[in-house]
Amino acid sequence: MIELAATHFATKKPKSITVSNRTMERGEKLAQRFNAQAITLNELPDRLPNFDIVVTCTASTLPIIGKGLLERVIKQRRHAPIFIVDLAVPRDVEAEASALADVFLYSVDDLAEIVKGNLQIRREAVVQAEQMIAEQAAHFLRWLEGRSVVPTIAALSNHHDALRAAELERARRMLAAGTPAEQVLDGLARGLTNKLLHAPLAALNAAGEAERAELIASLSRVYQLPDPPSGES
């Protein structure tokens, strides 16, 4: 546990790391991996005021850091806060020390609650992410569907534009021949209407009974036609 904690803290590039062990030999072996200093546990009470963060995890059956010791440490630190993570089971730090104003003590149980809370936050974030993905996917599919009708829209526009151009050219010729303007406009409107209706009417006449009903429904929706009187079709 201490090796994992030291590995994590070393990546944050702290000003210094100190490893404390019952034997100097084992402490120095671990300290060398992190360019740290090694001390024995006997030196810890005197050196403790120098540390802002303390991570402890020994196999001791009794606390190695008591509330009284931390009270003295806080005075020596002029009440600068000290952050302690006690990973040992049973505890290395007396639980009563958490009552000290400038001591921030976290045990394995406290960390378990933090992990539980973070897990709930991540679950909620997953739900939000899934909703965002679903919304964006639906938006993309709508855009894709819209793109699929672009060629049809272009073809319809070109077809109707060709009809308009043809009728307009015929109207110009009539005007040049001296046909009254009112007659030309009436002919233009009628000719354009007939050409626009030619394709759908021809499709209706050529369709079978089942297809005709489907075409009628589609044309009614496209042109927003009123419903036929009862009994008619």
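Look up: the structure comes first, before these words.
Residues numbered from 1 in each chain as written. Predicted model: local features only at pLDDT ≥ 70, side-chain atom pairs only at ≥ 80, totals over all residues. Heavy atoms only, no water.

J.: Can you tell me about helix α8 (residues 209-223), naming the residues and giving the values?
T.: For α8, spanning 15 residues, the distance from its first C-alpha to its last is 21 Å, which sits close to the expected 21 Å at 1.5 Å a residue. Taken from the residues just after α8, Gln224 is the one with a positive phi, measuring 55 degrees. (Helix = DSSP H or I, 4+ residues; strand = E, 2+ residues; numbered from the N terminus. Expected span 1.5 Å × (residues − 1).)

J.: I'd love a proper account of the side chain of Thr40, names of residues and values included.
T.: Here Thr40 shows up in strand β2 (residues 37-40). The buried category is assigned to Thr40, whose relative accessible area is 16%. Once you skip the residues sitting within four places of it in the chain, Thr40 turns out to touch Ser20, Asn21, Arg22 and Met24. (Buried < 20%, exposed > 50% of the residue type's maximum accessible area, 1.4 Å probe, protein only. Contact = heavy atoms within 4.5 Å.)

J.: Describe the layout of surface pockets, listing the residues and the values that go with them.
T.: By volume, the largest pocket is sized at about 1,200 Å³. Lining the largest pocket are 34 residues, and of these Ile2, Thr18, Val19, Ser20 and Val55 lie nearest its centre. Breaking the lining of the largest pocket down by element, the ones donating at least two residues are α1 (2-11), β1 (18-21), α2 (24-33) and β3 (53-56). Among the elements that line the lining of the largest pocket, the one with the most residues is α1, at five residues. (1 Å grid on protein atoms, 1.4 Å probe; cavity = no way out; pocket = protein on both sides within 12 Å on 5 of 7 lines; lining within 4 Å. Points joined across faces, edges and corners; volume = space filled by probe spheres on them.)

J.: I'd like a description of the nonpolar core, backed by residues and values.
T.: Core analysis: the biggest nonpolar cluster contains 17 residues, and Leu48, Ile65, Leu70, Ile82, Ile84, Val93 and Val103 have the highest contact counts within it. With four residues, the top contributor of residues to this core is helix α4 (residues 67-76). Those residues in contact with Leu70 that sit more than four places away from it in its chain are Leu48, Ile65, Ile84, Val93, Ala97, Leu100 and Val103. (Core = buried A, V, L, I, M, F, W, Y, C linked by side-chain atoms within 4.5 Å.)

J.: Just give me the short version of the packing of aromatic side chains, but keep the residues and values in it.
T.: Where two aromatic rings form a pair, the distance of their centres and the angle of their planes describe that pair. Per the counting criterion, the structure on display carries one aromatic pair. Where Phe83 meets Tyr106, the ring centres are 5.4 Å apart and the plane angle is 40 degrees; that geometry is what we call tilted. Residue Phe83 is located in strand β4 (residues 82-86), and its partner Tyr106 is located in strand β5 (residues 103-107); the two are separated by 23 residues in the primary sequence. (Phe/Tyr/Trp six-rings, centres within 6.5 Å; stacked < 30°, edge-to-face > 60°.)

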